[in-house]
Amino acid sequence: VAAAMAAERGLSMVTCTAPVNIAVIKYWGKRDTDLILPINSSLSVTLHQDQLKTTTTAAASRDFTEDRLWLNGKEADVGHPRVQACLREVRRLARKRRGGGEDAAALSLSYKIHIASENNFPTAAGLASSAAGYACLVLALARLYGLEEELSEVARRGSGSACRSMFGGFVQWQRGERPDGTDSLALQVAPETHWPELRVLVLVVSGEKKPVGSTAGMQTSVETSPLLKHRAEVVVPERLAQMMQHIQDRDFEGFGQLAMRDSNQFHATCLDTFPPIFYLTDVSRHIIALAHRYNAHHGHTKVAYTFDAGPNAVIFALADTVAEFVEVVRRSFPPATNGDQFVRGLPVGSAALSQELLAAVVTEPLPGAVQYILHTKPGPGPQLVDDPSQHLLGADGLP
């Protein structure tokens, strides 16, 4: 009935949310830049949408005169090649699904589309906004056209890491072998419920755009870094198998050490790129040293860092470590002014630090270097939003 009414009114609308994901075995480098096929498989943890998510509304109407796109309230270029690739792929699947015939109740493929998308976190600050954004776009468009099938392959055409945001929990993006990319897709390794004690702290050192975008950076690496070639061919296949085992076993020691090693190797390939790319800053390096001092003090791996193509640290820990480590971060990077807003997201308990720990771990404080900490945890995949009041577009199809 709703479909018929929408068809009569000529407007249909769908809203979805999608999560950010953080790779623990990194993707860096494409073997096909058009189809977005990676030189190696990767593995990520999907973060909870209560703290980090993209919301996207897609609407189609016979009254729309052109495709339009709004990002965080501002009109953006709907002609962007990757947005177009997603639109084209979803429309192609819809056409194929209908066997060429027009289903009267189904949405006309000739209608123009309006899309509005919003993040509840800074865009392009090394928080994987493109992954959540394209995952959300693809799901919203697919639902608008009534598609149910495997969509990670379509999301990949928007942003490689977006295919991993199509699932919750722990996700592998398989490299695939075929030149057409039909076997380069994401699979869930384990759901978010598999490891309930796992927690994630995002240490935001900068909400600025990165110096070299990932797209350009990784292709320079592919062209110039012999280390990257060795990594993709030799190191990653072995690490991927180990990481899946650590996740299955809920082995934090193994998981944490491997996450740190893989992050470090990814940044080493950036240094091995010519000219070199620097995503880590002095503050990033201070956080790395702090994590190692903290673990050494405790005699085992209690926190593990990973950094994507930007300076913000993502720290994995078990729930019973969070309060103490947050206090260590607060003492190491005393907040400038926003003391109240320094810790965001899931609640964090208070912790007293022993003099011994302070002396061993908190060596030279850097005031104001960490803007804030976001406390979150693994979470589910994209969600369809049922509540019409949550739509980002009005009945006129405008924000």
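Residues numbered from 1 in each chain as written. Predicted model: local features only at pLDDT ≥ 70, side-chain atom pairs only at ≥ 80, totals over all residues. Heavy atoms only, no water.

- Looking at an unreviewed UniProt entry, the protein chain carries the name Diphosphomevalonate decarboxylase, with the source organism given as Pycnonotus jocosus.
- Recorded in UniProt for the protein chain, the comment headed Sequence similarities (unreviewed entry) runs: "Belongs to the diphosphomevalonate decarboxylase family."
- The UniProt entry for the protein chain carries this comment under Catalytic activity (unreviewed entry): "(R)-5-diphosphomevalonate + ATP = isopentenyl diphosphate + ADP + phosphate + CO2". (UniProt positions renumbered as here; feature names shortened; annotations may be inferred.)

Re the packing of helix α6 (residues 226–249) against helix α7 (residues 252–272)
Next up, step 1: Contact geometry for α6 and α7: axes closest at 10 Å, N-to-C directions at 165 degrees. Our classification of the angle between α6 and α7 gives roughly antiparallel. As α6 packs across α7, the resulting crossing turns out to be left-handed. Of the residues in α7, those touching α6 at Pro226, Leu227, Leu228, Arg231, Val235, Arg239, Gln242, Met243, His246 and Ile247 are Gly254, Phe255, Leu258, Ala259, Arg261, Asp262, Gln265, Ala268, Thr269 and Asp272.
Next up, step 2: A class-by-class count of the residues in the contact of α6 with α7 yields 10 nonpolar, five polar and five charged. (Axes fitted to C-alpha atoms, helices over the stretch in contact; angles between N-to-C directions. Helix = DSSP H or I, 4+ residues; strand = E, 2+ residues; numbered from the N terminus. Parallel < 35°, antiparallel > 145°, perpendicular 65-115°, else oblique. Left-handed = near helix turned anticlockwise from the far one by under 90°. Contact = heavy atoms within 4.5 Å. Nonpolar A, V, L, I, M, F, W, Y, C, P; charged D, E, K, R; others polar.)

What to know about helix α9 (residues 319–332)
Next up, step 1: Across its 14 residues, α9 extends 21 Å between first and last C-alpha, which sits within 8% of the 20 Å expected from 1.5 Å per residue.
Next up, step 2: Residues of α9 that are buried include every one of Thr321, Val322, Ala323, Phe325, Val326, Glu327, Val328, Val329 and Ser332, and no others. (Expected span 1.5 Å × (residues − 1). Buried < 20%, exposed > 50% of the residue type's maximum accessible area, 1.4 Å probe, protein only.)

As for the packing of helix α2 (residues 81–97) against helix α3 (residues 129–144)
Next up, step 1: Viewed as axis vectors pointing N to C, α2 and α3 meet at an angle of 30 degrees, and their least axial separation amounts to 10 Å. By the criterion of interaxial angle, the relationship of α2 to α3 is roughly parallel. Handedness of the crossing formed by α2 with α3: right-handed. Judged by residue contacts, Arg82, Val83, Cys86, Leu87 and Val90 of α2 engage Tyr134, Leu137, Val138, Leu141 and Ala142 from α3.
Next up, step 2: A per-class count over the contact of α2 with α3 returns nine nonpolar, no polar and one charged.

Section: the side chain of Ser152
Next up, step 1: Within the fold, Ser152 resides in helix α4 (residues 152–156).
Next up, step 2: Separated by 3.0 Å, the side chain of Ser152 and the backbone nitrogen of Ala186 make a polar contact. (Polar contact = N/O pair within 3.5 Å; in protein donor to acceptor, adjacent residues only side chain to side chain.)

Structural notes on the domain arrangement of the protein chain
Next up, step 1: Splitting the protein chain by domain gives domain 1 (1–191 + 384–390) and domain 2 (198–376).
Next up, step 2: Domain 1 and domain 2 are separated by 28 Å when their C-alpha centres are compared.
Next up, step 3: Taken residue by residue, the interface counts 29 residues in domain 1 and 47 residues in domain 2.
Next up, step 4: In this assembly, domain 1 packs against domain 2 so that about 3100 Å² is buried in total across both faces, 72% of it on carbon and sulfur atoms.
Next up, step 5: Close ionic contact of Lys26 with Asp308 constitutes a salt bridge, the shortest N to O distance being 2.5 Å.
Next up, step 6: The interface formed by domain 1 and domain 2 contains nine residue pairs in polar contact (both at pLDDT 80 or more).
Next up, step 7: If you list the elements that add at least two residues to the side of domain 1 that touches domain 2, you get β2 (21–25), β5 (42–46), β10 (170–173) and β11 (186–190).
Next up, step 8: Per-element accounting of the side of domain 1 that touches domain 2 gives the leading share, four residues, to β2. (Domains from an automatic or database assignment. Buried area = accessible area lost by both parts, 1.4 Å probe. Salt bridge = Lys/Arg side-chain N within 4 Å of Asp/Glu carboxyl O.)

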